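One-letter residues, chain by chain:
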Amino acid sequence: MGISPEEGEQVGLTGGEFVAEYLIAEGVPYVFGIPGHGDMAAFDAFKDRADRITMIGPRHEQAAAHMADAYYRASGKPLATMTSIGPGSMNVATGLGTAFVDSIPLISFTGGPQTYMLGRGVLQELERQQDNVFPHIIQPMVKRNWDVQHVDLLADVLPRAFNNMLSGRPGPVHIELPMDVQAEVTELPVPDPAERRATSGAVRPDPDAIDKAAAKLLAAKRPVLLAGGGCLEAKAAAEVKKVAEYLDAAVVVTMMGKGVFPEDHPLDAEHTGSNGTLVGNYMTKNADVILAVGTRFAEQTSSSFMDGMSFSIPPTEIIHLDIDPTEIGKNYPTAVGAVCDAKAGLNDLFDALVDHNGTEGISRPAYREEIAKLRADWKEMLTGRWTGKLSLSQVLHKSREVLPREAIAIASAGHPQIQAFQEFLSYEPRTWLSPGGYSTMGYTLPAAIGAKLAKPDVPVVGFAGDGDLQQTIQELAVAAETGAAVIIACLNNTGWISIRDFQRGMFGEDRGFETEFRSRKGDQLMPVDFCAIAEAFNCGSEKVTETGDIGPAFERAMASEGPCLIEFELSSEPADSEGVNIGHWDLPKPAYLP
């Protein structure tokens, strides 16, 4: 509290206290932050409120953003980060970019130079081209940012920040807190969030567009429902299922939509695009009408927009429902486009289908049989490639056999992300967490911690390549400190093997370069002992070298009371490491290569 020099009584709140009290009012349970001279005054405000809001200190600021990001993906509830001036806050940028591309809300507080010394080059200020340029550097990675130059402005800025990040297409926001603003006192009351926010964010579609969409879907012979991350954000899993079952339409989910539709449902046609599956790409490129909901037709979903690879548009017609009007018609022409919340749009569409066609839905038994056969062919294609050596594919399949349906799986980039997307089945919403748009290395471990804090009673498994894990491996300390019983499946093949395999596949088998971790002296591989590192960070560990030990290792990890790292010594032979590419990815080949 602030102190009145005349009366010696506490009056008002400092800027730091105001932020803390507002976060508490919003129901934010955790803040991920690292103290420094640039945010000390704000940090101090949380010390006397530890019974109402918990500050958790990651070992790197990038990890702070990933923890908050994954907490939201797992729970639908936003968190905050708090970092110091200069490089400490610059480190958050990768995490904010990851959240922005995938439309994940979180609020980032960063320390800034004192307002009365702005532009004078205080420690860690970037001011040569513009006084404290940091808010402008971070601006492209957030929905909105504020540089709060007076403590009284917090009463206005904080509710606006929450409204902005949670409304429409969600995303991260940023608030710069100058050091003196953190320490000065305001006598304004802390706003009541309920008085500053709409009771519902649902946006209903245009009725005429929905009627037109219903007529096209009822006339379709090979309809596909393409469900994206917007369906998860809108809590529209039941509506996706309802519409799909009424139409007997194949359901294909994007990287961001995985989990919104159970992947053991007879209408599940898995995934399309560069990282898609046999059934997914076949169904979408042979569809006559695609109902795309909450998806942006990203490059990876669309096989780099190569005609006939994942989509054939035309003749396929697109009905596109999305909360963001800029995404409709951006990458493909639409027959019907409607701006709406996914849940509201699907509900209105279902009602229109019933109005046009009655309560009895459409039956397509031959279509279901086609989906089932293609899925069986795809599984045989995957498992038929297994050799006697330990592979990522085997780890994914064997772990899925012992993990419960509600288990949360996380993967960041490269083969772990691609193959987990393809091969590790998800059955429930918010159980697949992956930086689909930014494909961020180093995401897996801190994201696993954030997800476990959100869902302490659910197994959380991070599938991390050894290169990915080494980027944020210090966060094992946070897992141990918080007691977050995460399972980190370290997929150790001693290198950037996914990139090596891409080099081999696209540039030639002899073009693998600088992707294996080898000694510069003797050229021998230099594997890291991840079990030893885990033990040094006070985490449990186990090393697995045989296929038969995969399932039991996961069962032991689930039974443990703390974080556990399982190191899988994978074969790096291409026959074992390469995935199955059904789609297309446009990676330009140098002109000097044949």
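Residues numbered from 1 in each chain as written. Predicted model: local features only at pLDDT ≥ 70, side-chain atom pairs only at ≥ 80, totals over all residues. Heavy atoms only, no water.

(A) Quick look at the overall build of the protein chain. Tallying secondary structure elements over the protein chain gives 23 helices and 21 strands in all. Expressed as lengths along the three principal axes of its C-alpha atoms, the size of the protein chain is roughly 85 × 70 × 55 Å. Here the protein chain holds 594 residues, and the buried ones make up 56% of them. As displayed, the protein chain offers around 23,600 Å² of accessible surface, 51% of which is attributable to carbon and sulfur atoms. The average position of the 49 basic charges and that of the 80 acidic charges among the side chains of the protein chain differ by 5 Å. (Helix = DSSP H or I, 4+ residues; strand = E, 2+ residues; numbered from the N terminus. Buried < 20%, exposed > 50% of the residue type's maximum accessible area, 1.4 Å probe, protein only. Areas by Shrake-Rupley, 256 points an atom, 1.4 Å probe, with all protein chains shown as cover. Lys, Arg positive; Asp, Glu negative; His and termini not counted. Charge placed at Lys NZ, Arg CZ, Asp CG, Glu CD.)

(B) Fine view of the packing of aromatic side chains. Counting across every chain of the model gives 14 aromatic pairs. Taking the centre distance of 5.6 Å and the plane angle of 65° together, the rings of Phe311 and Tyr332 count as edge-to-face. Residue Phe311 is located in the loop between strand S13 (289-293) and strand S14 (317-322), and its partner Tyr332 is located in the loop between S14 and strand S15 (336-339); the two are separated by 21 residues in the primary sequence. Per residue, the accessibility class of Phe311 equals that of Tyr332, and both read buried. Aromatic rings pair up to connect Phe297, Phe305, Phe311 and Tyr332 into one cluster. One residue, Lys258, lies across the ring of Trp432, its end atom 5.6 Å from the ring centre. It is Arg430 that lies over the ring of Tyr72; its NZ or CZ is 5.5 Å from the centre. (Phe/Tyr/Trp six-rings, centres within 6.5 Å; stacked < 30°, edge-to-face > 60°. Lys NZ or Arg CZ within 6 Å of the ring centre and 35° of its normal.)

(C) Structural detail: the side chain of Thr494. In this structure, Thr494 sits in the loop between strand S19 (487-492) and helix H20 (497-507). Those residues in contact with Thr494 that lie beyond four places of it in its chain are Asp466, Glu516, Phe517, Leu525, Met526 and Pro527. (Contact = heavy atoms within 4.5 Å.)

(D) The arrangement of helix H9 (residues 207-219) in detail. Compared with the 18 Å implied by 1.5 Å per residue over 13 residues, the 19 Å span of H9 between its first and last C-alpha is a close match. Where H9 is concerned, the buried positions are Ala209, Ile210, Ala213, Ala214 and Leu217. Buried residues in H9, looked at end-on, bunch into an arc of 135°, giving them a common side. The exposed residues of H9 that point more than 90 degrees off its buried face are Asp208 and Ala219. (Expected span 1.5 Å × (residues − 1). Arc of directions from axis to C-beta.)

(E) Representation of the sheet that holds S13 in the model. Taken in spatial order, the 5 strands of this open sheet run S12-S11-S13-S14-S15, and their pairing is parallel. The outermost strands of the open sheet, each flanked by one partner alone, are strand S12 (250-253) and S15. With strand direction ignored, the average angle separating the axes of adjacent strands in the sheet is 15°. Pairing analysis gives 4 bridges linking strand S11 (residues 223-227) to S12, with the strands arranged parallel. Across the sheet, residue Leu226 finds its bridge partner in S12, namely Val252. Of the strands in this sheet, S11, S12 and S13 touch helix H11 (residues 237-247), which is tilted by about 170° from S11. (Pairing = 2+ DSSP bridges. Axes fitted to C-alpha atoms, helices over the stretch in contact; angles between N-to-C directions.)

(F) Highlighting helix H1 (residues 15-25). Across the 11 residues of H1, 10 count as buried, placing the element largely inside the fold. Here H1 has its buried residues at Gly15, Gly16, Glu17, Phe18, Val19, Ala20, Glu21, Tyr22, Leu23 and Ile24. Of the residues one or two after H1, Gly27 is the one with positive phi, at around 80°.

(G) Molecular detail of the environment of Ala80. Mapped onto the secondary structure, Ala80 falls in strand S6 (residues 80-83). On the basis of relative accessibility, which here comes to 0%, the residue Ala80 falls in the buried class. Sequence separation of Ala80 and Val28 is 52 residues, and the distance between their C-alpha atoms is 7.7 Å.

(H) Representation of the state of the cysteines. For the structure on display, the rule yields 0 disulfides. Summary of cysteine pairing: Cys231 is not part of a disulfide, and the nearest cysteine sulfur, belonging to Cys340, is at 9.8 Å. Residue class for Cys231 comes out buried when judged on its relative accessible area of 0%. Considering cysteine sulfurs only, Cys490 is the nearest to Cys531, which forms no disulfide, with 8.0 Å between them. (Disulfide = S-S within 2.5 Å.)

(I) A look at the nonpolar core. Within the largest apolar cluster, 80 residues are counted, with the highest numbers of intra-cluster contacts made by Leu23, Phe32, Ile107, Phe109, Ile175, Ile410 and Leu469. Here this core gets 9 residues from one element, more than from any other, and that element is helix H3 (residues 61-75). Excluding anything up to four places from it in sequence, Leu469 contacts Leu445, Ala464, Ile488, Cys490, Phe530 and Leu565. One finds Ala220, Val243, Ala269 and Cys340 within the second-largest nonpolar core, a separate group that totals 55 residues. (Core = buried A, V, L, I, M, F, W, Y, C linked by side-chain atoms within 4.5 Å.)

(J) Representation of the packing of H3 against helix H17 (residues 444-454) in the model. Orientation of H3 relative to H17, taken along the N-to-C sense of each, is 45°, at an axis distance of 7 Å. Here H3 lies oblique to H17, going by the angle between them. In this structure, H3 crosses over H17, and the sense of that crossing is right-handed. Counted together, Ala63, His66, Met67, Ala70, Tyr71, Ala74 and Ser75 of H3 and Pro446, Ala447, Ile449, Gly450, Ala451, Leu453 and Ala454 of H17 form the full contact between these two elements. (Parallel < 35°, antiparallel > 145°, perpendicular 65-115°, else oblique. Left-handed = near helix turned anticlockwise from the far one by under 90°.)

(K) Highlighting the side chain of Ser108. One can find Ser108 in strand S7 (residues 107-112). Other than its neighbours up to four places away in sequence, Ser108 contacts Thr81, Val92, Leu96, Val173, His174 and Ile175.

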